[in-house]
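What follows is the residue order along each chain.
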Amino acid sequence: MARRYGNQPQESPQYALSRIMRTTPTPTTTPRFAPGRYGRTFANLVERMDNLDRPITPATNQSAVRVGGVPQYSYPTPPITPVTGGRRRPPTPPPKPLRGRPTPPPKPPRSLITQRLAQPYREPTPELAPGDEELAQYGAVGGVPAVGHYYGPLGSEYAYPTPLIARVAGGRRRPPTPPPPKPPRLPPTPPPKLPTLGGAVGGVPAVGQDYVPTGATPMLRESQKPWPQLRGRYEFAPDTYQTARTSSTTSGELNVSSDEWPLFGLGRYASYVTARKPVARLQAKTKRDLQKLRGKGFDVAYINAKSLGQGAFGEVFRGGYTDQIEVTKRTPQGRYLRDVKSGDQFAAKYVQFAPDRRASDHLNHFIEKCILKSLRHENIVTYRVAINLGRKVILRSVSGDPSQDIVSYRRAFLVMDCADQGTLKNFGDAGRLTDQVTVQFTRELCTAMAYMHGKGVRHGDVHARNVLVFSAPGGWYTAKWTDFGLAVSRDVFARWGHELTPGVMYKWARADATFLQWYITTYMLDTCKNNPGNVGADLSEVRALDAELKNSKELLTQMMPKYNMFQ
């Protein structure tokens, strides 16, 4: 018997020996291996070989073939072949079904459909082939399955890509309908000219007036932040560049020329010895210009004075109005100084830009000034005046429109109201933030933020140090937003060349609401929790608003009507 190992049939040694013994002639008539000579040992071996030479009944799906006188069987052979003298292994019992689980139903027998699928593919013909009548019930055209479809064992239909036109029984298939052609690309419509407004240059509204978007601004990617997009539109103009914009007549801004160097210019060379760095030289110029500011009604404590605070673009110093402020109030530059009087305190944010500073730093200061001008709310710090000092710097628009050029200065003071109680962080850490004050500040700050969002402004830098606390009549306090250096305004940005989409405004308004919960409402609730000055005010609405700001996706203006404290 031949056994297969892999794909190569090999003959067992027993059958090889048996064949050799049959084909080799014996020289004598006497058997070479007589039983009397060697006993029954070899005779038993020969008898066993004869028994092995008999063909064994093949298993299912096997056939016995005699090759070279030796029977062979087609593989796969059963794992254990019973032979004479061998020991059969017990059959493996079938697996027992798991308890609690139903026995799956038996698989259906091979039907006509599965038998037809096993057949090779044939081209569809107009006439029916034998056996196609039984397939007509599955939706075939003329009883023959359509090209591109085949059927599962239970008649379920599956689709695969088909040729555009295939001939099947019943007629010719229609080709698929081609997609409609794209509409032709029309040239952009030029934007309409805006009417000339008061204080406008070249027909463009002045800063602080309402700006109506024209749609001429190209749509940029909303994934980019608004500030990088606006910064990419401006660059420093060369010294020989002439712009149509001037800031000498801008309302709310006071231009003060720097004093000349003493001793016929020898002081300039002395400044290079005493102040070697450009920043120190700018500070020396500002100290010399303080006398001119006093003549305009502003006494800034800039020399040897500790600043009230410091930010990314400047420092804040305390100052006071002098008697000369009455003259400045009556000029167009002092239109925001109408309600101040001599002796009142103010806060002056000082910024200075060395020659190596980027154009984006000038742009940040300019946009902050424009946004602060456009906001008028009792809980937003009041803009008073901008005092420009020193050399003029022009930021040229890369679009080539001279009406969008920006005029900035190397040094400037941004004058605002001064908070006598410091920031909200200082106020809370001092232990003066009670439950009653928490409810009042929450109402004031949320109302002011809703006003900003309604004007198309998002703050962008919401935290407890950007909230100022002022004393109010009757021993009360009031809170106001400040520091709009990173703010974004829809009208201001559109005025200077970049229009913000509603999606961008919603995104950043939601960011303001999220930071309001992180750094304002949560801070006030945690700080006033164990304050001994609490009077038992109801904080349930503040806690509910804090939870809604954290979990909701609505805007603050949509949340406020739900609470009685805003009514």
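Since this is a predicted model, take the numbers as computed values, not measurements.

It is not clear to me how the environment of Ser552 should be interpreted in this structure. Could you clarify?
As for its position among the elements, Ser552 is in the loop between α14 (540-551) and α15 (556-559). Overall, the relative accessible area of 17% leaves Ser552 in the buried class. Along the chain, Ser552 and Ala513 lie 39 residues apart, while their C-alpha atoms are 9.8 Å from each other. Every residue in contact with Ser552, bar those within four places of it in the chain, is listed here: Arg510 and Met559. A polar contact is formed between the side chain of Ser552 and the backbone nitrogen of Glu554, at a distance of 3.1 Å.

Sorry, what's going on with the packing of aromatic side chains here?
Both the distance between ring centres and the angle between the ring planes are used here to describe each pair of aromatic rings. Counted under the stated rule, the structure contains 16 aromatic pairs. Between Tyr336 and Tyr383 the ring centres are 5.4 Å apart and the planes differ by 80°, which places this aromatic pair in the edge-to-face class. Residue Tyr336 is found in the loop between α8 (325-329) and β14 (345-352), and its partner Tyr383 is found in strand β15 (residues 383-397); the two are separated by 47 residues along the sequence. For Tyr383, a relative accessible area of 0% puts it in the buried group. Cluster of aromatic residues (ring-pair linked, three or more members): Tyr302, Phe317, Tyr350 and Phe413. The ring of Phe470 carries Lys480 above its face, with NZ or CZ at 4.6 Å from the centroid. In this arrangement the basic side chain of Arg495 is found over the ring face of Trp496, its NZ or CZ atom lying 4.1 Å from the centre.

Even after reading the chapter, I still don't get the environment of Gly320, so can you show me in this structure?
Here Gly320 shows up in strand β13 (residues 315-321). With relative accessibility at 14%, the residue Gly320 sits in the buried group. Aside from chain neighbours lying at most four places away, what touches Gly320 is Gly297, Phe298, Asp299, Asp344, Gln345 and Phe346.

Help me understand the packing of helix α11 (residues 435-454) against helix α13 (residues 502-527), please; the structure alone is not making it clear to me.
How two helices pack is summed up by the angle between their axes together with the distance between the axes. With their axes 12 Å apart at the nearest point, α11 and α13 run at an angle of 170° to one another. When the axes of α11 and α13 are compared, the pair comes out roughly antiparallel. Every residue of α13 that contacts α11 at Thr438, Phe441, Thr442, Leu445, Cys446, Met449 and His453 is listed here: Ala509, Asp512, Ala513, Leu516, Ile520 and Met524. Of the residues contributing to the contact of α11 with α13, the split by class is nine nonpolar, three polar and one charged.

Would you take a moment to explain the confidence of the model for the chain for this structure?
Regions with low pLDDT carry predicted coordinates that are not meant to be interpreted in detail. Considering every residue of the chain, the mean pLDDT works out to 74; 58% of them sit at 70 or more. This model gives residues 30-38 a pLDDT under 50, and the stretch forms six contacts once residues within four places in sequence are excluded. Counting contacts from residues 260-275, a segment whose pLDDT is below 50, to residues more than four positions away or on other chains yields 12 contacts.

Even after reading the chapter, I still don't get the pattern of salt bridges, so can you show me in this structure?
Side chains that carry opposite charge are capable of pairing whenever their charged atoms lie near each other. In total, this model carries 17 salt bridges according to the counting rule given. Note that Lys349 and Asp483 form a salt bridge whose closest N and O atoms lie 3.8 Å from each other. Of this pair, Lys349 sits in strand β14 while Asp483 sits in the loop between β19 (476-481) and β20 (488-489), placing them 134 residues apart in sequence. The class of Lys349 is buried, set by a relative accessible area of 11%.

In this structure, what is going on with the layout of surface pockets? I would like to understand it.
Gaps left between atoms are located by rolling a probe of water-molecule size over the structure's atoms. In this structure, the largest pocket spans a volume of roughly 710 Å³. Along its surface, the largest pocket is lined by 30 residues, and Gly309, Val316, Thr423, Arg465 and Leu468 are the ones closest to its centre. Mapped onto the lining of the largest pocket, the elements with two or more residues apiece are β12 (309-310), β13, β14 and β16 (406-417). When its residues are assigned to classes, the lining of the largest pocket shows 11 nonpolar, 11 polar and eight charged. Both domains that furnish three or more residues to the lining of the largest pocket are identified here as domain 1 (277-326 + 338-352 + 382-418) and domain 2 (420-566).

Quick question: what am I supposed to make of the nonpolar core here?
Most often, soluble globular proteins keep nonpolar side chains buried together rather than apart. Formed by 70 residues in total, the largest nonpolar core has its most connected members in Ile367, Leu424, Phe441, Trp481, Phe484 and Ile520. Looking at this core element by element, the count peaks at 10 residues for α13. Here this core gathers at least three residues from each of two domains, domain 1 (277-326 + 338-352 + 382-418) and domain 2 (420-566). Among residues more than four places away in sequence, those in contact with Ile367 are Trp227, Leu230, Val492, Phe493 and Trp496. If you look at the next biggest cluster of nonpolar residues, it comprises 20 residues, including Ile325, Val340, Leu389 and Val415.

About the thresholds
Residues numbered from 1 in each chain as written. Predicted model: local features only at pLDDT ≥ 70, side-chain atom pairs only at ≥ 80, totals over all residues. Heavy atoms only, no water. Helix = DSSP H or I, 4+ residues; strand = E, 2+ residues; numbered from the N terminus. Buried < 20%, exposed > 50% of the residue type's maximum accessible area, 1.4 Å probe, protein only. Contact = heavy atoms within 4.5 Å. Polar contact = N/O pair within 3.5 Å; in protein donor to acceptor, adjacent residues only side chain to side chain. Phe/Tyr/Trp six-rings, centres within 6.5 Å; stacked < 30°, edge-to-face > 60°. Lys NZ or Arg CZ within 6 Å of the ring centre and 35° of its normal. Axes fitted to C-alpha atoms, helices over the stretch in contact; angles between N-to-C directions. Parallel < 35°, antiparallel > 145°, perpendicular 65-115°, else oblique. Nonpolar A, V, L, I, M, F, W, Y, C, P; charged D, E, K, R; others polar. pLDDT = per-residue confidence, 0-100. Salt bridge = Lys/Arg side-chain N within 4 Å of Asp/Glu carboxyl O. 1 Å grid on protein atoms, 1.4 Å probe; cavity = no way out; pocket = protein on both sides within 12 Å on 5 of 7 lines; lining within 4 Å. Points joined across faces, edges and corners; volume = space filled by probe spheres on them. Domains from an automatic or database assignment. Core = buried A, V, L, I, M, F, W, Y, C linked by side-chain atoms within 4.5 Å.

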